[in-house]
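Here's the letter readout for the chains.
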Amino acid sequence: MKVTWDGARPPKLPPKRPGDRFRLGWRLLLSITSLVALFPIFVLARTLDVVAGRISGRPVSRSGPEIVRLWAKIALNILGLRLRIIGAPMHGSGAYVANHASWIDIIALQAAVAPYLVSKADVRAWPVIGAIGAAIGTLFIERDPLAARKQQDALRLRMIQGDRLALFPEGTSSDGFGVLPFKSSLFEVFFAPELRGKAAVQPVAIRYRPRRPLPDSFYGWWGDADFSGHLLDVLALSSGGVVTLSFLEPLTLDGMSDRKHAARTAEEMVRREFERLSASA
């Protein structure tokens with residue numbers, strides 16, 4: 001499982017000392033223990049949500065997401081990261097649209113607001129991660145124009161049901177030093193008549209600050225980085241890091257002409273806030 005961006009290579013990290021290797025082993029044990037302990041509880045909570053939904057005649061998704069949120073908070077602590085939240089996350093259905101620097105973005109968003117994720121279809125085949133993603137309600141989409149209509153319908157249905165989704169419109173992760181152009185295809189769904197005025201779009205800027213002497217791009221998953229290798233590096237070397245999630249004013253789409261207008265506006269908002277966070281780091 002590798003990710004590439006712009007042909008760049010991740011920076012060279014300091015060698016792992018005996019203390020780093022001990023931290024790695026201890027954190028791996030904690031990671032496995034927390035997952036094994038909480039996953040059955042999540043399955044039970046999700047089952048209760050489904051049963052409650054059938055009884056009430058409407059979708060219910062309360063208990064399951066809260067268990068995921070608890071796990072994500074534990075995971076961030078294990079990864080040596082403190083979560084900092086700026087602004088007010090929206091309530092009600094819609095989607096958070098954020099810049100994308102790392103697989104850790106997903107954990108940070110889950111710890112903050114427990115959204116349902118929208119991910120590339122190939123993630124479903126990843127060992128362990130794909131199975132967990134499917135279990136927690138991730139919506140897997142394909143980058144295939146022929147499947148666009150089906151995917152738009154799936155997104156629309158989820159938001160009509162009241163779900164809050166998390167989208168990464170850049171389409172890939174980067175080195176974490178900036179914001180890439182937002183692709184507009186996923187914004188088309190917000191102009192569906194059923195969602196006009198009912199589903200919000202909230203831009204979110206995500207910025208990491210590692211402790212010194214780790215490089216600024218340490219938490220970014222990019223270039224030729226292998227997922228398992230990057231995970232082990234973070235478990236071994238990360239401590240005292242901060243991930244900031246800045247929730248910006250939700251967009252009003254009524255005055256926007258089309259999906260490209262919406263994507264461009266969201267991108268500009270995230271980029272300005274990202275630059276502000278970078279300047280104050």
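Scroll up for the structure.
Residues numbered from 1 in each chain as written. Predicted model: local features only at pLDDT ≥ 70, side-chain atom pairs only at ≥ 80, totals over all residues. Heavy atoms only, no water.

Q: Help me understand the overall build of the protein in this model?
A: Within the protein, the regular secondary structure consists of seven helices and seven strands. Here the C-alpha radius of gyration of the protein, 19 Å, is about what a compact globule of 281 residues would show, namely 19 Å. C-alpha extents for the protein along the principal axes are approximately 60 × 40 × 35 Å. Per-residue burial over the protein gives 49% buried out of 281 residues. Relative to all contacts within the protein whose residues are 6 or more apart in sequence, the contacts with residues 24 or more apart total 78%. Accessible surface computed for the protein: about 14,000 Å², of which carbon and sulfur atoms make up 59%. Measuring between centres, the 37 positive side-chain charges of the protein sit 5 Å from its 25 negative side-chain charges. (Helix = DSSP H or I, 4+ residues; strand = E, 2+ residues; numbered from the N terminus. Rg over C-alpha atoms; globule rule 2.2 N^0.38 Å. Buried < 20%, exposed > 50% of the residue type's maximum accessible area, 1.4 Å probe, protein only. Contact = heavy atoms within 4.5 Å. Areas by Shrake-Rupley, 256 points an atom, 1.4 Å probe, with all protein chains shown as cover. Lys, Arg positive; Asp, Glu negative; His and termini not counted. Charge placed at Lys NZ, Arg CZ, Asp CG, Glu CD.)

Q: Would you take a moment to explain helix H6 (residues 227-237) for this structure?
A: Given 3.6 residues to a turn, an α-helix orients residues that are three or four positions apart in the same direction. Turning to H6, its buried residues are Phe227, His230, Asp233, Val234, Leu235, Ala236 and Leu237. In the core, the buried residues of H6 are packed alongside helix H1 (18-56), helix H2 (63-78), helix H3 (104-113) and helix H4 (129-135).

Q: What is the right way to look at unusual backbone geometry in this model?
A: With the exception of glycine, the majority of residues adopt a negative phi angle, and the majority of peptide bonds are in the trans configuration. Cis geometry is adopted by the peptide bond preceding Pro213, which originates at Arg212 and carries an omega value of 10°. In this fold, Pro213 is placed in the loop between strand E6 (200-209) and H6.

Q: How should I be thinking about the pairing of strand E3 (residues 116-120) in this particular structure?
A: One face of the sheet, then the other: side chains in a regular strand alternate in exactly this way. Within E3, four of the five residues are buried, which leaves it mostly tucked inside the rest of the structure. Summarising the sheet, E3 and strand E5 (residues 164-167) pair through two bridges and their orientation is parallel. What sits directly across from Leu117, in E5, is Ala166. Inspection of the sheet shows E3 paired to strand E4 (residues 139-141) by three bridges, in the parallel sense. Residue pairing in the sheet places Ser119 in a bridge with Phe140 of E4. (Pairing = 2+ DSSP bridges.)

Q: Explain H3 to me, please; I cannot follow it from the model alone.
A: Counting buried positions over the ten residues of H3 gives nine, a clear majority of the element. The set of residues buried in H3 consists of Ile104, Asp105, Ile107, Ala108, Leu109, Gln110, Ala111, Ala112 and Val113.

Q: How should the sheet that holds strand E7 (residues 241-247) be read in this particular structure?
A: Backbone hydrogen bonds are what pair the strands of a sheet, in a parallel or an antiparallel way. Spatially, seven strands are ordered E1-E7-E6-E2-E5-E3-E4 in an open sheet, and the strand pairing comes out mixed. This sheet does not close on itself; its edge strands, each paired only once, are strand E1 (81-86) and E4. Along the sheet, successive strands turn relative to each other by an average axial angle of 25°, direction set aside. In this sheet, E5 lies alongside strand E2 (residues 94-98) in parallel orientation, the contact comprising four bridges. Pairing of Val97 across the sheet is with Leu167, part of E5. (Axes fitted to C-alpha atoms, helices over the stretch in contact; angles between N-to-C directions.)

Q: Quick question: what am I supposed to make of the packing of aromatic side chains here?
A: For any pair of aromatic rings, geometry is given as the distance between the ring centres together with the angle between the planes. Here the structure, examined in full by the defined rule, presents seven aromatic pairs. Within the aromatic cluster, the residues linked to one another by ring pairs are Trp103, Trp221 and Phe227. Taking NZ or CZ as reference, Arg158 lies 4.9 Å from the ring centre of Tyr116, over its face. (Phe/Tyr/Trp six-rings, centres within 6.5 Å; stacked < 30°, edge-to-face > 60°. Lys NZ or Arg CZ within 6 Å of the ring centre and 35° of its normal.)

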